[in-house]
Amino acid sequence: MGLGIAHQIGRTPGMRLSFIADKSGDAAREAAHLYAKPTHVATDGVAALNDPAIPCDVLVEATNSIVAAFGYCMAAIEKGAHCVLMNAEIDAVLGYLLRDAAARKGVVVTSDAGDQHGVLARMAEEVEMWGFDIVQAGNMKGFLDRYRTLEGSVEIASSLRLSPEQCLAYTDGSKLNIEMSLIANERGLTPRVSGMEGPKAERVEQVLDLFDFDGYGGKAHVDYILGARQHGGGVYVVARSDDPFQRHYLDYYKIINRAPYCVFFRPYHLCHFETPRAIAMSALYGRSVLDLRGGRMADCYAYAKRALSPGDRITHAIGSDEVYGLIMSVEEADADNLVPQGLLDIEESDERPVVRRAVERDQPLTWDDIDMPDTRLLELWRQQEKLLAGT
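Residues numbered from 1 in each chain as written. Predicted model: local features only at pLDDT ≥ 70, side-chain atom pairs only at ≥ 80, totals over all residues. Heavy atoms only, no water.

Moving on to the sheet that holds strand β4 (residues 82–85). If you walk across this open sheet you meet the 3 strands as β3-β4-β5, and the pairing is parallel. Two strands bound the open sheet, and with one partner strand each, they are β3 (58–61) and β5 (109–111). Here the average twist between neighbouring strands, direction ignored, is 20°. Sheet topology places β3 next to β4; 4 bridges connect them, and they run parallel. Following the sheet pairing, Val60 is matched in β4 by Val84. Where helix α4 (residues 67–79) meets the sheet, its contacts fall on β3, β4 and β5, and the angle it forms with β3 comes to roughly 175°. (Pairing = 2+ DSSP bridges. Helix = DSSP H or I, 4+ residues; strand = E, 2+ residues; numbered from the N terminus. Axes fitted to C-alpha atoms, helices over the stretch in contact; angles between N-to-C directions. Contact = heavy atoms within 4.5 Å.)

Put into structure tokens, the structure is as follows:
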């Protein structure tokens, strides 16, 4: 994604790439080559942001780290720069803490415009402007294997230019659940069941048959369909209109509908192609694509991918051999003392969460199930909890 963003900014009128930073100098130089114009190249992102000789209006955070990403974003905020997060992990785990810091500095922290949750936020805003009520914000997933391992992800990851961990997070559904928690917290939505329903579908039009929208009881939810390959990577919004005058027009415009529900969908999301939109919205108008304005309604929680025994280490959380992530309502998960998946990722030391007592496959992990090392991430999480309790 970083390479794609560098390339795209080089082709966006009125936009300049001030610097590129990557821990790998080779990766940073490759991005600079793709940008194809003069720019600063660095291996230390914080140092580049702290350098008064390097201007920065907007930082695009495109790692999949959490603690390191927090440091980059805080350095940008202190510099007076907006932050665009093409990093759903930091967005989901510490997004409220970042946005609070940004608000105090008069800048914006926003989800990216090209990730599924960013596209859904834009669609939902437009559909509501038309006078419809949002019933479901939906994702389209082509393939899902909850129990895929890192070893089984190496070959496909290489072909996609992803790390095995990144590839596995897509395959086992963790990334889907993380991203859907973000749109849930933007729109004040919840999953109807843990992990969402996710019925199989050949085409997006089938959503009107696959979900019981009347049974939603007036609430709106997040969900997804599985297997609609002709729209892989797409998103959809189910909306309700009780206005009989609009019915003729929905038919005339060939919108999929069955009174009072209709489906608006986008068969793609274009990731880095759309990042300049989020950059421009923040820099020119001080507006975010998605800012978690609905409150912390949902989060992604860790479930055992295999039977875990006392003494097992959770070596990596998001894209892991030990756990996968499922979205749940925060109210339900907190009542059951469940552990958010992202908190099990430890970057800054060799310490790892250790299983304290046996957990069966497909069972959620509770705080009583693990011994958690005292980490910088946990410290930041507790700061955010205090912030949310105060608001």
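On to helix α9 (residues 174–187), then. Note: α-helices contain 3.6 residues per turn, so residues at a spacing of three or four share the same orientation. Counted at 1.5 Å a residue, the expected span for α9 with its 14 residues is 20 Å, and the 20 Å between its end C-alpha atoms agrees. For α9, a buried count of 14 out of 14 residues is recorded, marking the element as mostly surrounded by other parts of the structure. Gly188 occupies a position one or two residues after α9 and carries a positive phi of about 70°. (Expected span 1.5 Å × (residues − 1). Buried < 20%, exposed > 50% of the residue type's maximum accessible area, 1.4 Å probe, protein only.)

It is worth spelling out the pairing of strand β8 (residues 221–226) at this point. On any regular strand, side chains alternate: one points to one face of the sheet, the next to the other face. Summarising burial for β8: 6 of the 6 residues are buried, a large majority. Because side chains alternate across β8, one face comprises the buried residues His221, Asp223 and Ile225, and the other comprises Val222, Tyr224 and Leu226, equally buried. For strand β6 (residues 133–141) and β8, the ladder comprises 6 bridges, and the chain directions are parallel. In the strand pairing of β8, Ala137 is matched with Val222.

A separate point is unusual backbone geometry. Cis geometry marks the peptide bond from Ala259 to Pro260, where omega comes out at 5°. Considering the arrangement of structural elements, one finds Pro260 in the loop between β10 (256–258) and β11 (261–266). Backbone geometry at Arg161 places phi at a positive 60°, although glycine is not the residue there. Secondary-structure assignment places Arg161 in the loop between α7 (154–160) and α8 (164–171). Phi is positive for Asp362, close to 75°, though the residue is something other than glycine. The residue Asp362 is located in the loop between β14 (354–355) and β15 (370–371) in this model. When its relative accessible area of 27% is taken as the criterion, Asp362 is described as partly exposed.

So, about the layout of surface pockets. If you add up the space inside the second largest pocket, you get close to 340 Å³. Lining of the second largest pocket is provided by 18 residues; of these, Ala121, Arg122, Glu125, Met281 and Arg287 occupy positions nearest its centre. Among the secondary structure elements, those contributing two or more residues to the lining of the second largest pocket are α6 (116–129), α9 and α12 (275–285). Per element, the largest residue contribution to the lining of the second largest pocket is 7 residues, and it comes from α6. Split by residue class, the lining of the second largest pocket holds 7 nonpolar, 1 polar and 10 charged. (1 Å grid on protein atoms, 1.4 Å probe; cavity = no way out; pocket = protein on both sides within 12 Å on 5 of 7 lines; lining within 4 Å. Points joined across faces, edges and corners; volume = space filled by probe spheres on them. Nonpolar A, V, L, I, M, F, W, Y, C, P; charged D, E, K, R; others polar.)

Moving on, we get to the nonpolar core. Ranked by internal contacts, the top residues of the largest apolar core, which has 82 residues, are Val222, Leu344 and Leu365. In this structure Val222 touches Gln136, Ala137, Met180, Ile183, Ala184, Leu189, Thr190, Pro191, Met196 and Ile327, once residues within four positions along its chain are discounted. With 19 residues, the next largest nonpolar core counts Ala31, Val58, Val84 and Ala278 among its residues. (Core = buried A, V, L, I, M, F, W, Y, C linked by side-chain atoms within 4.5 Å.)

Our focus in this paragraph is the pattern of salt bridges. Tallied over the full model, the rule gives 24 salt bridges. For Glu274, the salt bridge is made with Arg122, and the minimal N-O distance between the two is 2.8 Å. With Glu274 in the loop between β11 and α12 and Arg122 in helix α6, this residue pair connects regions lying 152 residues apart in the sequence. Judged by relative accessible area, Glu274 falls into the buried class, the value being 8%. Of the charged contacts in the structure, one is a salt bridge between Glu379 and Arg376, with a shortest N-O distance of 3.2 Å. (Salt bridge = Lys/Arg side-chain N within 4 Å of Asp/Glu carboxyl O.)

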